[in-house]
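As a plain string of letters, each chain reads:
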Amino acid sequence: MVLSPQLVIFDCDGVVIDSEVISANVLIDKLALLGADIDMAFVQQHFLGCQFATVAEKIKRLLSISLPDDFEHQYREQLLIAFEHDLTVTQGVKDVLARLDVPCCIATSSSLARTTKALSVVGLTDVFAGRVFTASDVKHGKPAPDLFLHAANCMGVAPEHCLVIEDSFFGVSAAVAAKMPVIHYVGGGHISAKAHPVATAYPQVPVLTHWNIFAHLVPNIMR
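Counting starts from 1 at the beginning of each chain's written sequence and moves along it residue by residue. The predicted origin of the model limits local features to residues at a pLDDT of at least 70 and limits the giving and counting of side-chain atom pairs to 80 or more, whereas totals for whole chains, interfaces and linings rest on all residues. The basis for the side-chain values is all heavy atoms of the structure; hydrogens and waters are excluded.

Q: What am I meant to see in the overall build of the protein chain here?
A: Think of it this way: any DSSP run of H or I at least four residues long counts as a helix, any run of E at least two long counts as a strand, and we number them from the N terminus. Helix and strand counts for the protein chain stand at 10 helices and six strands. Just to be clear, the radius of gyration here is over C-alpha atoms, and the globule rule we use is 2.2 Å times residues to the power 0.38. For a compact globule of 223 residues, the expected C-alpha radius of gyration is about 17 Å, and the protein chain comes in at 17 Å, within 12% of that figure. Oriented by its inertia axes, the alpha-carbon framework of the protein chain measures out at about 50 × 35 × 30 Å. For every residue, the accessible area (1.4 Å probe, protein chains only) is compared with the maximum for its type, and the residue is labelled buried under 20%, exposed over 50%, or partly exposed between those bounds. Residues classed as buried in the protein chain amount to 50% of the 223 residues present. The criterion used for residue contact is that any of the two residues' heavy atoms lie within 4.5 Å. A sequence separation of at least 24 residues applies to 71% of the contacts in the protein chain between residues at least 6 apart. A total accessible area of about 10,100 Å² is found for the protein chain, and carbon and sulfur atoms account for 53% of it. In this charge count, Lys and Arg are treated as positive and Asp and Glu as negative; neither His nor the chain ends contribute. To locate a charge, take NZ of a lysine, CZ of an arginine, CG of an aspartate or CD of a glutamate. Taking the average place of the 15 positive charges on the side chains of the protein chain and the average place of its 22 negative ones, the gap between the two points comes to 4 Å. Per-residue and other accessible areas follow the Shrake-Rupley method at a 1.4 Å probe size, with only the shown protein chains counted as cover for residues.

So this is what it looks like as structure tokens:
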């Protein structure tokens, strides 16, 4: 663990915003109309942290369902409506953001439109203005390191001086591949630290159960 990172890179969904349960439920409901019977555990295992193109490929491979051409558009429209009613930040993250003494940014597998809308709904637009990087910015999304390396380059910070906060196996894998220190955040409503694949694959990665202990993990960057 880097004791004094010069940049904190946050994943968005499930880390800054508590959106994964909302997203999963919308996806589960829409796939049910196509004959799929999946649950939150299935979504967490196979889709969490992936960009939509990867999710669509996995749906075809694992569920033998080819999505209609308008599925992504309808899914995103329905999700944004759900965000308006139900989206919140993860508990305690606003305090962490207010106390950070180093720059921060977002690097997410979600689309820029979805992320922009989500940050607006929860009142964090100004916090991350001009510092939101998405999978569309790079050729290969998570678990490849490209997105994190792109974010670090745009922010002018060497990878070894960054700290990534991730909730998904694919996100943690991307940070490890980028040779960046990473913390596994498990405080979102969608996740359980028990038997999580990150704990099995990367036992050395520190676990953050709630934002109120973040300052204890990385004390040198908090006001």
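Still more ground to cover, so stick around.
Q: Looking at this structure, how should I read the packing of aromatic side chains?
A: For any two aromatic rings, the description comes down to two numbers: the centre-to-centre distance and the angle of the planes. We call Phe, Tyr and Trp rings a pair once their centres come within 6.5 Å, taking the six-membered ring for Trp, and we label the pair stacked below 30 degrees between planes, edge-to-face above 60, and tilted otherwise. Using the criterion set out here, one finds nine aromatic pairs in the structure. Judged by centre distance (5.7 Å) and plane angle (65 degrees), the rings of Trp211 and Phe214 are edge-to-face. For the pair shown, Trp211 and Phe214 are each scored as buried. The ring of Phe71 is capped by Lys30, whose NZ or CZ atom sits 5.7 Å from the centre of that ring. Our definition puts a charge over a ring when NZ of Lys or CZ of Arg is within 6 Å of the ring centre and also within 35 degrees of the ring normal.

Q: What exactly am I supposed to notice about the side chain of His46 here?
A: Tracing the chain through its elements places His46 in helix H2 (residues 40–46). Not counting chain neighbours up to four residues away, the residues in contact with His46 comprise Lys58, Leu62 and Phe170.

Q: Which parts of the structure should I look at to understand the pairing of strand S5 (residues 182–185)?
A: The side chains of a regular strand alternate, residue by residue, between the two faces of the sheet. Burial along S5 is two-sided: the residues Val182 and His184 and Ile183 and Tyr185 are all buried. Strands were regarded as paired on the criterion that DSSP finds at least two bridges between them. Across three bridges, the pairing between strand S4 (residues 162–166) and S5 is parallel. By the bridge assignment for S5, Ile165 is matched with Ile183. Note on the crossover from S4 through helix H8 (residues 169–177) to S5: the handedness is right-handed. Across two bridges, the pairing between S5 and strand S6 (residues 207–208) is parallel. What sits directly across from His184, in S6, is Val207. With strands facing away from the observer, any crossover in which the path from the first strand over the helix to the second runs clockwise is taken as right-handed.

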